[in-house]
Amino acid sequence: MAKVTMLTMAGAEAGVIELNDAIFGIEPNEYAVHAIIKNYLANQRQGTQSAKTRGDVRGGGRKPFRQKGTGRHRQGSTTDPSQIGGGVVFAPKPRSYRYTVPKKLKRLAMLSALSSKVAENEIIVLDKLEMSEPKTKEMIKVLEAVKAGKKSLIVTAANDTNVIKSAANIPGVTTTTVGQMNVYEIINHVSFIITKDAVAKLEEVYA
């Protein structure tokens, strides 16, 4: 099992925690990670883009100019895409970009993302993360103490309002829980900060 030194909120060592190799020590599968991130981003799309085809634009009832003698190409309608004010060829219309992926692929991608953070020494395990009240300054002190990167993902076992509000105004810092985190967030952040309780819950879910 991989061993990681736990830290306190002040940045001091607080013992060593062993991480389950079945979750944090597998060989990362790049295909699975790519497929899940692609699926996540596609599902975030609103799909509201729209443009008018030649059947939607106004006009087209009268031939714009006579067939012969003008020196121009023949044209029968002002709605033709080649005309100013005409329709758009293969115009985009509102649609859903959502699609599903197999559960096994989701699981493999999650384990691959977590394992990559351990392999690249980008995981920071805290013995606890508690805030008596929402304080952005206190959260900044914690991040500086544990030497977190500019883009950090903070994972807790359950929703903690004080922690969420303390990190809300810090650029590049995102908070989530074990049940809500996703592969895209893990890969998109440099530092993966997780509490001891969250590790236990994570191993309970994926073991």
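Residues numbered from 1 in each chain as written. Predicted model: local features only at pLDDT ≥ 70, side-chain atom pairs only at ≥ 80, totals over all residues. Heavy atoms only, no water.

**Student:** Can you explain the nonpolar core? Please cite residues and give values.
**Tutor:** Core analysis: the largest hydrophobic core is formed by 33 residues, its most contacted members being Phe-24, Leu-114, Ile-123, Phe-192 and Ile-194. Sort the elements by how many residues they give to this core and helix 3 (residues 103-119) lands first, with seven residues. When residues no more than four places from it in sequence are discounted, the contact partners of Ile-123 are Val-4, Leu-19, Phe-24, Lys-117, Val-118, Phe-192 and Ile-194. If you look at the next biggest cluster of nonpolar residues, it comprises 15 residues, including Met-139, Val-142, Ala-167 and Ile-170. (Core = buried A, V, L, I, M, F, W, Y, C linked by side-chain atoms within 4.5 Å. Buried < 20%, exposed > 50% of the residue type's maximum accessible area, 1.4 Å probe, protein only. Helix = DSSP H or I, 4+ residues; strand = E, 2+ residues; numbered from the N terminus. Contact = heavy atoms within 4.5 Å.)

**Student:** Hey, could you go over unusual backbone geometry for me, with residue numbers and the actual values?
**Tutor:** Non-glycine residue Asn-121 carries a positive phi angle of around 55°. Along the polypeptide, Asn-121 turns up in the loop between helix 3 and strand 3 (123-126). Here Lys-147, not a glycine, exhibits a phi torsion of approximately 60°, which is positive. Position of Lys-147 among the secondary structure elements: in the loop between helix 4 (136-145) and strand 4 (152-156).

**Student:** Account for the layout of surface pockets, with residues named and values stated.
**Tutor:** Its boundaries defined by the atoms lining it, the largest pocket holds a volume of some 330 Å³. In this structure, the largest pocket is lined by 17 residues; those nearest its centre are Ile-36, Asn-39, Tyr-40, Lys-106 and Asn-182. At the level of secondary structure, the elements contributing two or more residues to the lining of the largest pocket comprise helix 2 (30-44), helix 3 and helix 6 (183-188). When residues of the lining of the largest pocket are assigned to their parent elements, the largest contribution, five residues, is made by helix 2. For the lining of the largest pocket, the residue count by class is nine nonpolar, five polar and three charged. (1 Å grid on protein atoms, 1.4 Å probe; cavity = no way out; pocket = protein on both sides within 12 Å on 5 of 7 lines; lining within 4 Å. Points joined across faces, edges and corners; volume = space filled by probe spheres on them. Nonpolar A, V, L, I, M, F, W, Y, C, P; charged D, E, K, R; others polar.)

**Student:** Tell me about the environment of Asn-182, and name the residues and values.
**Tutor:** Structurally, Asn-182 can be placed in the loop between strand 5 (173-177) and helix 6. Residue Asn-182 is classed as buried on the basis of its relative accessible area of 16%. Linking Asn-182 and Leu-41, residues 141 residues apart in sequence, is a C-alpha distance of 11 Å. In contact with Asn-182, other than residues within four places in its own chain, are Tyr-40 and Met-110. From its side chain, Asn-182 meets the backbone nitrogen of Glu-185 in a polar contact 2.9 Å long. (Polar contact = N/O pair within 3.5 Å; in protein donor to acceptor, adjacent residues only side chain to side chain.)

**Student:** With reference to specific residues and values, describe the confidence of the model for the chain.
**Tutor:** Summing up the model confidence of the chain, the mean pLDDT is 93 and the portion of residues at 70 or higher is 100%. No element of the chain has a lower mean pLDDT than strand 1 (residues 2-7), which averages 89, and none a higher one than helix 2, which averages 97. (pLDDT = per-residue confidence, 0-100.)

**Student:** Which residues make up the side chain of Thr-195, and what values do they have?
**Tutor:** Inspection of the secondary structure assignment puts Thr-195 in strand 6 (residues 191-195). By relative accessible area, Thr-195 is classed as buried at 7%. Leaving out residues up to four positions away in the same chain, Thr-195 has contacts with Leu-126, Leu-129, Val-155, Thr-156 and Ala-157.

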